[in-house]
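Summary of structural features
Single-letter residue listing:
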Amino acid sequence: MRLSQYFLPVTKDVPSDAAIVSHQLMLRTGMVRQNGAGIYSWLPLGFKVLKKIEQIVREEMDRAGAVEMLMPTLQQADLWRESGRYDDYGEEMLRITDRGGRDMLYGPTNEEMITDVFRGYVKSYKQLPLNLYHQQWKFRDEVRPRFGVMRGREFLMKDGYSFDLSEAAARVSYQRMFAAYLNTFDRLGVTAIPMQADPGPIGGDLSHEFLMLAESGESAVFCDSEVLDVPAPGLDFDFGDEAALAAEMDKRTQYYAATDEKHDEAAFAQVPDARKTEARGIEVGHIFYFGTKYSEPMGAGVQDSDGNVVPIHGGSYGIGVSRLVGAIIEACHDENGIVWPASVSPFDVGLVSMRPKDEACAAGCDAAYQALKAAGFDTLYDETDDRAGAKFGRMDLIGLPFQIIIGPKALEKGVVELKIRKTGEREELALDAAIARMRALA
RNA sequence: CGGAGCGUGGCGCAGCCUGGUAGCGCACUCGCCUGGGGGGCGAGGGGUCGGAGGUUCGAGUCCUCUCGCUCCGACCA
């Protein structure tokens with residue numbers, strides 16, 4: 001993409017009420033624009049990151065055997081009356097009336113709707129287990145939205161739902177998602193620690209939330225530092241291996257890790273002093289096993305092998321996709337701006353032309369741009385005639401992992417300058433060598 | 001929901017207390033210079049001061065109402 005044809009409204013100034021660094025950086029880089037309290041437009045740069053995260057989440061859900069679909073944002077109140085949550089959910093639910101006077105709502109989550117889909121088609125235990133998910137906008141009418149997209153009212157969430165014949169089978173499904181989440185966060189370039197959680201309004205008796213450590217986190221976190229070093233299951237993990245699934249969960253739950261809500265001083269005291277970690281965390285995922293909480297009242301049952309109709313055992317699994325954009329920035333920035341993990345960076349590399357008005361330089365840069373694209377790098381090509389300082393500042397600010405800087409002098413020498421954003425390291429080398437180097441580092 | 005604030009060119013802010021020609025920085029347009037870390041000089045364009053009502057000879061400024069937004073606390077992907 002040529003910068004002159006792109007829409008990248010970067011600014012120097014940022015509203016003084018943008019309280020946390022990720023929000024400030026998202027505004028400065030023109031990733032989002034606020035349209036109302038907790039409601040944001042995703043501008044091109046931010047939208048690209050959102051889509052990258054969404055795609056990684058999709059790939060990891062699919063790898064774990066979940067099946068993608070899409071449900072609407074607007075739901076009928078009657079469905080929620082069946083589960084009893086229409087009255088229970090409270091003021092956080094945005095309620096709407098259509099022209100016919102029907103009570104509608106903007107979905108804050110989709111347990112009822114997925115249960116309705118399920119019960120409409122699935123009648124036999126032979127069709128189980130089943131795990132369906134979607135990535136759809138949600139609305140929760142928070143009393144106090146804040147921190148930009150980290151706590152918006154409208155937000156993009158991946159929510160998945162598992163259906164099993166028995167509690168034992170449902171627990172395997174739960175563990176499968178547990179392992180899939182570890183891989184997902186690992187690919188997103190962040191460390192998220194699973195912690196025992198209260199099931200909350202979703203209900204159920206088995207629940208973990210995944211917390212990313214960050215100074216601006218809303219929850220206090222207490223953990224054994226060893227849990228941070230347990231590697232993710234890996235992309236070749238066998239999600240059909242029940243023993244391995246249980247082991248992945250045990251590997252982590254053997255260590256103490258809790259948010260302030262669940263914190264147990266006595267248990268924490270058992271952790272060796274050198275490994276006691278007290279930090280702040282951002283909740284980026286939450287998984288629940290809730291048994292028959294929805295299937296019973298809503299009549300979602302299947303026939304078992306004896307012909308008896310039994311309610312299915314359910315679980316639900318959420319990842320805050322739009323929140324992750326902010327959360328990743330919280331974890332990945334320096335004094336010059338964002339430092340994207342390669343997997344979610346809006347572009348792979350920024351190409352900076354030092355003298356776009358110099359014919360030789362322009363031609364050399366154009367050629368480099370084509371070569372980078374041909375090599376498979378999504379490239380942001382700055383061929384504007386801004387001054388060098390402005391270009392460097394802007395590139396650093398938006399935080400692409402690599403910058404290729406080309407000026408007349410380097411061209412004469414037959415080299416380009418490769419800058420690694422994360423380390424600030426610069427190196428002069430031939431374009432082919434730079435491409436090889438970026439491949440090696442990616 | 002309790003407490004505290006803020007709405008003034010596209011963005012960030014001052015002006016309000018003590019009423020009297022609407023200002024600064026950035027951005028933008030034009031010209032010249034400059035050219036590897038957000039450059040310089042000069043000349044320009046752009047604002048119903050969130051909205052409504054009131055007080056006043058006169059309201060960005062004072063009063064009332066209203067809408068929107070933010071921050072601190074209790075709650076949440």
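Quick notes on the rules
- Residues numbered from 1 in each chain as written.
- Chains lettered and ligands numbered in written order.
- Predicted model: local features only at pLDDT ≥ 70, side-chain atom pairs only at ≥ 80, totals over all residues.
- Heavy atoms only, no water.
- Near = heavy atom within 4 Å.
- Polar contact = N/O pair within 3.5 Å; in protein donor to acceptor, adjacent residues only side chain to side chain.
- Pairing = 2+ DSSP bridges.
- Helix = DSSP H or I, 4+ residues; strand = E, 2+ residues; numbered from the N terminus.
- Axes fitted to C-alpha atoms, helices over the stretch in contact; angles between N-to-C directions.
- Salt bridge = Lys/Arg side-chain N within 4 Å of Asp/Glu carboxyl O.
- Buried < 20%, exposed > 50% of the residue type's maximum accessible area, 1.4 Å probe, protein only.
- Parallel < 35°, antiparallel > 145°, perpendicular 65-115°, else oblique.
- Contact = heavy atoms within 4.5 Å.
- Nonpolar A, V, L, I, M, F, W, Y, C, P; charged D, E, K, R; others polar.
- Core = buried A, V, L, I, M, F, W, Y, C linked by side-chain atoms within 4.5 Å.
- pLDDT = per-residue confidence, 0-100.
- Phe/Tyr/Trp six-rings, centres within 6.5 Å; stacked < 30°, edge-to-face > 60°.
- Lys NZ or Arg CZ within 6 Å of the ring centre and 35° of its normal.

**Structural notes on the protein's contact with RNA strand B**
- Near RNA strand B there are 45 residues, and of these Arg 151, Arg 355, Arg 387, Asp 396 and Arg 426 occur at the shortest range.
- Each atom of RNA strand B within 4 Å of the protein was classed as base or backbone; sugar and phosphate made up 45%.
- Side-chain polar atom of Gln 34 to a phosphate oxygen of RNA strand B: 2.7 Å apart, as the coordinates give it.
- The side chain of Asp 396 places a nitrogen or oxygen atom 2.5 Å from a base nitrogen of RNA strand B.

**Considering the sheet that holds strand β23 (residues 426-429)**
- Spatial strand order, β20-β19-β21-β22-β23: five strands in an open sheet with mixed pairing. Only two strands of the sheet have a single partner each, and these edge strands are β20 (379-382) and β23. Taken pair by pair, the neighbouring strands of this sheet meet at an average axis angle of 20°, ignoring direction.
- Sheet topology places strand β19 (residues 349-353) next to β20; four bridges connect them, and they run parallel. In the sheet register, Gly 350 faces β20, and the bridge partner there is Leu 380.

**Topic: the pattern of salt bridges**
- Counted under the stated rule, the structure contains 36 salt bridges.
- Here Glu 54 ties to Lys 51 by a salt bridge, and the two come within 3.6 Å at their closest N and O atoms. Of this pair, Glu 54 and Lys 51 both sit in helix α2 (residues 44-63), three residues apart, which is roughly one turn of that helix.
- Between Arg 151 and Glu 218 there is a salt bridge; the shortest N-O distance is 2.9 Å. Here the residue Arg 151 occupies a position in the loop between β7 (130-139) and β8 (154-164), and Glu 218 occupies one in the loop between β10 (206-213) and β11 (219-224), the gap between them amounting to 67 residues.
- Accessibility expressed as a relative area gives 33% for Glu 218, which makes it partly exposed.
- The network of salt bridges with shared partners includes Lys 51, Glu 54, Arg 58 and Glu 68.

**Looking at the sheet that holds strand β4 (residues 74-76)**
- Read across the open sheet, the three strands follow the order β4-β6-β5; overall the sheet is antiparallel. Only two strands of the sheet have a single neighbouring strand rather than two, namely β4 and β5 (94-97). Within the sheet, the average angular offset between the axes of one strand and its neighbour, ignoring direction, is 35°.
- Judged from the three bridges that link them, β4 and strand β6 (residues 103-106) form a sheet pairing that is antiparallel. Bridge pairing links Leu 74 to Tyr 106 in β6.

**Considerations on helix α12 (residues 388-398)**
- Considered for burial, the residues of α12 that qualify are Lys 391, Arg 394, Met 395, Asp 396, Leu 397 and Ile 398.
- Count one or two residues on from α12 and you reach Gly 399, which has phi positive near 75°.

**Quick look at the pairing of strand β22 (residues 416-420)**
- The buried count for β22 comes to five of five residues, which makes it a mostly enclosed element.
- Of the two faces of β22, the one carrying Val 416, Leu 418 and Ile 420 and the one carrying Glu 417 and Lys 419 are both buried.
- As paired strands, strand β21 (residues 402-406) and β22 are joined by four bridges and run antiparallel to one another. Bridging across to β22, Gln 403 finds its partner in Lys 419.
- In terms of strand pairing, β22 meets β23 through four bridges, oriented antiparallel.

**Some details on the packing of helix α1 (residues 21-28) against helix α10 (residues 321-331)**
- Between α1 and α10, whose axes approach to 8 Å, the crossing angle comes to 110°. With respect to α10, the axis of α1 lies roughly perpendicular. Only Val 325, Gly 326, Ile 329 and Glu 330 of α10 make contact with α1, whose side of the interface consists of Val 21, Ser 22, Leu 25 and Met 26.
- Considering only residue class, the contact of α1 with α10 consists of five nonpolar, two polar and one charged.

**Considerations on the nonpolar core**
- Of all hydrophobic cores here, the largest spans 71 residues; its most connected members are Ile 53 and Phe 185.
- Sorting elements by how many residues they give to this core places helix α6 (residues 167-187) first, with ten residues.
- With residues near it in sequence (within four places) discarded, Phe 185 still touches Val 190, Ala 192, Phe 210, Val 284, Gly 285, Ile 319 and Leu 324.

**Examining the confidence of the model for chain A**
- Summary statistics for chain A give a mean pLDDT of 93 and a share of 98% for residues scoring 70 or more.
- Taken over the whole predicted complex, pTM reads 0.96, whereas the ipTM for its chain interfaces reads 0.92.

**Description of the packing of aromatic side chains**
- Across all of its chains, the model carries 14 aromatic pairs by this definition.
- Seen from their ring centres, Tyr 369 and Tyr 381 are 4.9 Å apart, and the 35° between their planes marks the pair as tilted. Note that Tyr 369 is positioned in helix α11 (residues 359-374) and Tyr 381 in strand β20, a separation of twelve residues in sequence. When sorted by exposure, Tyr 369 lands in the same class as Tyr 381, which is buried.
- Three or more aromatic residues joined by ring pairs make a cluster, and in this case those are Phe 178, Tyr 181, Phe 185 and Phe 210.
- The ring of Phe 268 has Lys 276 sitting right over it, with the charged end atom 5.9 Å from the ring centre.

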